[in-house]
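In case you want the letters, here they are:
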Amino acid sequence: MKISMIVAYGKNWEIGLDNQMLWHISEDFKNFKKITSGHHILMGRKTFESIGKALPNRTSLVLSKSGFKHDEVYTFSDEKEAFDFARRNTEEELFIIGGANIYKTLFNYVDKMYLSEVDFEGEADAFLEEIDFTNWDLTEQKDYEAIFEDGKLKSPAWKFKVYEKRD
Ligand SMILES: NC(=O)c1ccc[n+]([C@@H]2O[C@H](COP(=O)([O-])OP(=O)(O)OC[C@H]3O[C@@H](n4cnc5c(N)ncnc54)[C@H](OP(=O)(O)O)[C@@H]3O)[C@@H](O)[C@H]2O)c1
């Protein structure tokens, strides 16, 4: 089973504030839905609480050591149990979807990264650790322009990039 991570981050590696996202880019949401649909998605308890519900057409796995439970998700206190669960369900690509704590502690397991680099700088309290791309190959890239409405910025420019770990 391949283990992938998917994340959107700003110019200073910012990913969230007050347990919320920092921008609204509808094309990025659509992309996230398309990539993760039909798969197991793995997240930290705080990210699940920020989303508030299980995302449709995906199997939600939540990591928690404090005994968190929710009807719509499978909860695990150890990432290896979550990986085994997905493997038993014959998953071929599991997606780590955040947040900061989970990206940091599970980064060594990651084989493939789906990154949205957002042209944003601002206040944040959740950050991605800086990624060293030395052992990664860029296999896909698409650039998106900013969107303005009535002269005001509606959503920032962003670059979608896919990286695969070199063997
Ligand atoms: N920009 C993006 O792409 C993106 C994506 C996702 C999230 N986010 C943002 O990220 C922020 C949330 O990140 P966060 O770091 O505060 O929280 P988080 O990583 O979502 O969740 C942390 C919690 O997960 C549990 N946990 C962590 N590691 C574990 C392990 N190895 N085994 C078992 N349980 C483990 C613990 O839950 P217990 O306390 O219950 O034990 C911990 O408190 C929010 O601002 C959110 O909006 C951004």
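For the structure itself, consult the block above.
Presented here is a report on the structure given in the accompanying data block. (Residues numbered from 1 in each chain as written. Predicted model: local features only at pLDDT ≥ 70, side-chain atom pairs only at ≥ 80, totals over all residues. Heavy atoms only, no water.)

## Quick notes on the pairing of strand S12 (residues 158-165)
With seven bridges joining them, strand S7 (residues 112-118) and S12 adopt antiparallel strand pairing. Bridge assignment links Ser116 to a residue of S12, and that residue is Phe160. In this sheet, S12 lies alongside strand S9 (residues 136-144) in antiparallel orientation, the contact comprising eight bridges. Looking at S12, one finds that Gln141 is bridged to Lys161. (Pairing = 2+ DSSP bridges. Helix = DSSP H or I, 4+ residues; strand = E, 2+ residues; numbered from the N terminus.)

## Quick word on the site of the ligand
Taken together, 26 residues sit near the ligand, with Arg45, Thr47, Ser64, Lys65 and Ser66 positioned nearest. With respect to the ligand, the backbone of Lys65 contributes an N or O atom lying 2.7 Å from an oxygen atom. One of the side-chain N or O atoms of Ser66 is found 2.6 Å from an oxygen atom in the ligand. Protein contacts shield 86% of the accessible area of the ligand, which totals 950 Å² for the unbound molecule. Only strand S1 (2-9), strand S2 (14-16), helix H2 (45-51) and helix H4 (100-106) provide two or more residues apiece to the shell around the ligand. Examining the composition of the shell around the ligand, we find that four residues originate from one element, H4, more than from any other. Of the residues belonging to the shell around the ligand, the class tally is eleven nonpolar, eleven polar and four charged. (Near = heavy atom within 4 Å. Polar contact = N/O pair within 3.5 Å; in protein donor to acceptor, adjacent residues only side chain to side chain. Areas by Shrake-Rupley, 256 points an atom, 1.4 Å probe, with all protein chains shown as cover. Nonpolar A, V, L, I, M, F, W, Y, C, P; charged D, E, K, R; others polar.)

## Side note on the sheet that holds S9
Two pairing modes exist for strands in a sheet, parallel and antiparallel, and in both the strands are linked by backbone hydrogen bonds. Across the sheet, eight strands lie side by side as S5-S4-S3-S6-S1-S7-S12-S9; this open sheet has mixed pairing. In this open sheet, the two strands that pair with only one neighbour each are strand S5 (74-76) and S9. Between one strand and the next, the sheet's axes are offset by a mean angle of 20°, whatever the strand orientation. Where strand S3 (residues 40-44) meets strand S6 (residues 93-96), two bridges bridge the pair, whose relative direction is parallel. (Axes fitted to C-alpha atoms, helices over the stretch in contact; angles between N-to-C directions.)

## Re the pattern of salt bridges
If the charged atoms of two oppositely charged side chains come close together, the side chains can form a pair. Under the definition given, this model contains ten salt bridges. We note a salt bridge from Glu117 to Lys161, for which the minimum N-O separation is 3.3 Å. Taken as a pair, Glu117 in strand S7 and Lys161 in strand S12 lie far apart in primary sequence, 44 residues in all. The class of Glu117 is partly exposed, set by a relative accessible area of 21%. Here Lys154 and Glu149 are joined by a salt bridge, their closest N and O atoms 3.6 Å apart. (Salt bridge = Lys/Arg side-chain N within 4 Å of Asp/Glu carboxyl O. Buried < 20%, exposed > 50% of the residue type's maximum accessible area, 1.4 Å probe, protein only.)

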